[in-house]
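Observations on chain architecture
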Amino acid sequence: MMQKLQLYNSLSNSSEDFVPIDASNVRIYACGPTVYASPHVGNARPLIVFDVLFRVLKELYPQVTYVRNVTDVDDKINARARERGISIGELTSEVIEEFHKNTSLLGILPVTHEPRATFHIAEMSDIIGKLLSNGFAYESHGHVLFRVRKMPNYGMLSKRNVDDMIAGSRVEVAPYKEDPMDFVLWKPSEEGMPAWDSPFGKGRPGWHIECSAMSHKYLGSRFDIHAGGQDLMFPHHENELAQNFGAFGCVMAKYWVHNGMLLVNGQKMSKSLNNIISLDDILRRHDGEVVRYAMLSSHYQKTLDWTDRLVSQSKQSLDRLYSAMKLCDDETNVESNDVVLKSLCGNLNTPFALRVLHEISDRIFKSSDKHEINRLCSQLKGGAAMLGLLRKKTDDWFRQNSDLISEEEIEQLILERKTAKLEKNFQLADEIRKKLEEKNIRIEDTPNGTTWRSIT
Ligand SMILES: [Zn+2]
């Protein structure tokens, strides 16, 4: 029987059965990167979460069209290019290339369309024209602005009320605005910065109109899922929704899916705290699957706390799953992914899906029946594929990762061994010592505790 997908819809603030607008072609849009610098580790979360959603949808429906844009026109891009003394084109090409390298290391499936904002200026200009003629926008001092008061139920997605926003808020007051809430659709470019001709004068689009134009071009005026990080819900998604409503008369997406934020050691990443971890750096030190596992170990709606401990635990968990895979034939057919698919269909419950994979592995370790092992191996491979995990050959995994043990992992294993000894579980203590030896780490017990050194 076909599984039913349930998703939490931010628009209704509730979990809903997913019923596609057109089951023969499910359509999803996710806001992609602004390509001004290499992304931080938090940017990987929506990529991974919505990749799992894409895999689930592909499993359930014959065709899925997934659009993830690239924002390549932005003040931050201009500033960074100037800072580095290179052209904007050079900067964006460099960052896009790096982005693709990272998505491939993370096992992200290629999307159906990856439109770039600068290639869709004409489409943006069309929508702005429609908004002007529908009375949802006005021109003022070289700017075109969206008339927020004209939008019925503005704030319906982020559950905000316009007057409350103005009362308490940081909305930008500008002399050219009719109302402080109005936001930019088109604005003049600064001297020497990218500018395009348009019926409203030479200039450049605002950020929100980019996604409106690209989603409309590739997915139509109403599609199934609009996805992105929670931080994009307001103002970005709220404004996209208002723009498309003003131009096309409907709410652009049926389901709005938002992933929670990522903290580092319990704190928000920020320049002032100097705790920004670049994705590049993480992927140099850890396998992409470890990052992927770590991201999927929490439910996508929850805040995820990124710590060294999380990374090393994820690595150990993957080692265990790959150890079970070692007992499987390379040729195992994948017949079933039902158990994992079922948990993912419950609003993408990835932590539960991972637990299911570990239960299957435990049964592989315990079983001595060849047929049963084959059946379990098929479930393990099928389930892992739904999560984009266990993509490597087991030998490659253990070879590539053998040298990559971190100091935290070593300390953690030493601690686990100490506990095992206290509990008189000498077999486990010995296994941990051997495991470390396999990774070329020698431990020595001294009266002052256990020390370790590398023996390569
Ligand atoms: Zn967007």
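Look up: the structure comes first, before these words.
Here we summarise the structure given alongside this text. Once a new chain begins, its residue numbering starts again from 1 and follows that chain's sequence as written. In view of the model being predicted, local features appear only for residues whose pLDDT reaches at least 70, and side-chain atom pairs are presented and counted only at 80 or more, with totals across whole chains, interfaces and linings using the full set of residues. As a convention, hydrogens and water are excluded, and side-chain values are obtained from all of the structure's heavy atoms.

1. Here we look at the nonpolar core
Spelled out, the test is: Definition of nonpolar core: a set of buried residues of the types Ala, Val, Leu, Ile, Met, Phe, Trp, Tyr and Cys, connected through side-chain atoms within 4.5 Å. Relative accessible area decides the class of each residue, using a 1.4 Å probe on protein chains only: under 20% of the type maximum gives buried, over 50% gives exposed, and in between gives partly exposed. To qualify as a helix, a DSSP run of H or I must reach at least 4 residues; to qualify as a strand, a run of E must reach at least 2; elements of each kind are numbered from the N terminus. Here the limits of each domain have been adopted from an automatic or database domain assignment. By definition, residues are in contact when any of their heavy atoms lie within 4.5 Å.
Counting residues in hydrophobic clusters, the biggest one holds 74 residues, and the most contacted among them are Val-56, Leu-57, Ile-225 and Trp-306. The dominant element in this core, judged by the number of residues it contributes, is helix H1 (residues 44-60), at 11 residues. Here this core spans two domains, and each of domain 1 (6-263) and domain 2 (308-399) adds at least three residues to it. When near neighbours in sequence (up to four residues on either side) are disregarded, Trp-306 contacts Val-41, Leu-262, Leu-263, Val-264, Asn-265, Ile-277, Ile-282, Val-291, Ala-294, Met-295 and Val-311. One finds Val-73, Ile-128, Val-162 and Val-251 within the second-largest nonpolar core, a separate group that totals 40 residues.

2. Examining the state of the cysteines
As a reminder of what qualifies: Any two cysteine sulfur atoms lying within 2.5 Å of each other are counted as a disulfide.
Taken as a whole and judged by the stated rule, the model has 1 disulfide. Two residues, Cys-328 and Cys-377, share a disulfide whose sulfurs are 2.0 Å apart. Here Cys-328 and Cys-377 share a disulfide; its torsion about the S-S bond, -85°, makes the bridge left-handed. On the criterion of sequence distance, the pair formed by Cys-328 in the loop between helix H10 (308-326) and helix H11 (338-345) and Cys-377 in helix H13 (residues 370-387) is long-range, its members being 49 residues apart. Across the pair, exposure class does not vary: Cys-328 and Cys-377 are buried alike.

3. Focus: the environment of Asn-239
For clarity, the threshold we go by: Pairs of N or O atoms are called polar contacts if they sit within 3.5 Å, as long as, within protein, a hydrogen donor faces a hydrogen acceptor (for residues adjacent in sequence, only side-chain-to-side-chain pairs).
Looking at where Asn-239 falls in the secondary structure, it is placed in helix H7 (residues 233-248). The spatial distance from the C-alpha of Asn-239 to the C-alpha of Phe-183 is 8.3 Å, given a sequence separation of 56 residues. Apart from the residues within four sequence positions on either side, Asn-239 is in contact with Tyr-154, Phe-183 and His-208. At 2.4 Å, the side chain of Asn-239 and the side chain of Tyr-154 are in polar contact. At a separation of 3.2 Å, a polar atom in the side chain of Asn-239 contacts the side chain of His-208.

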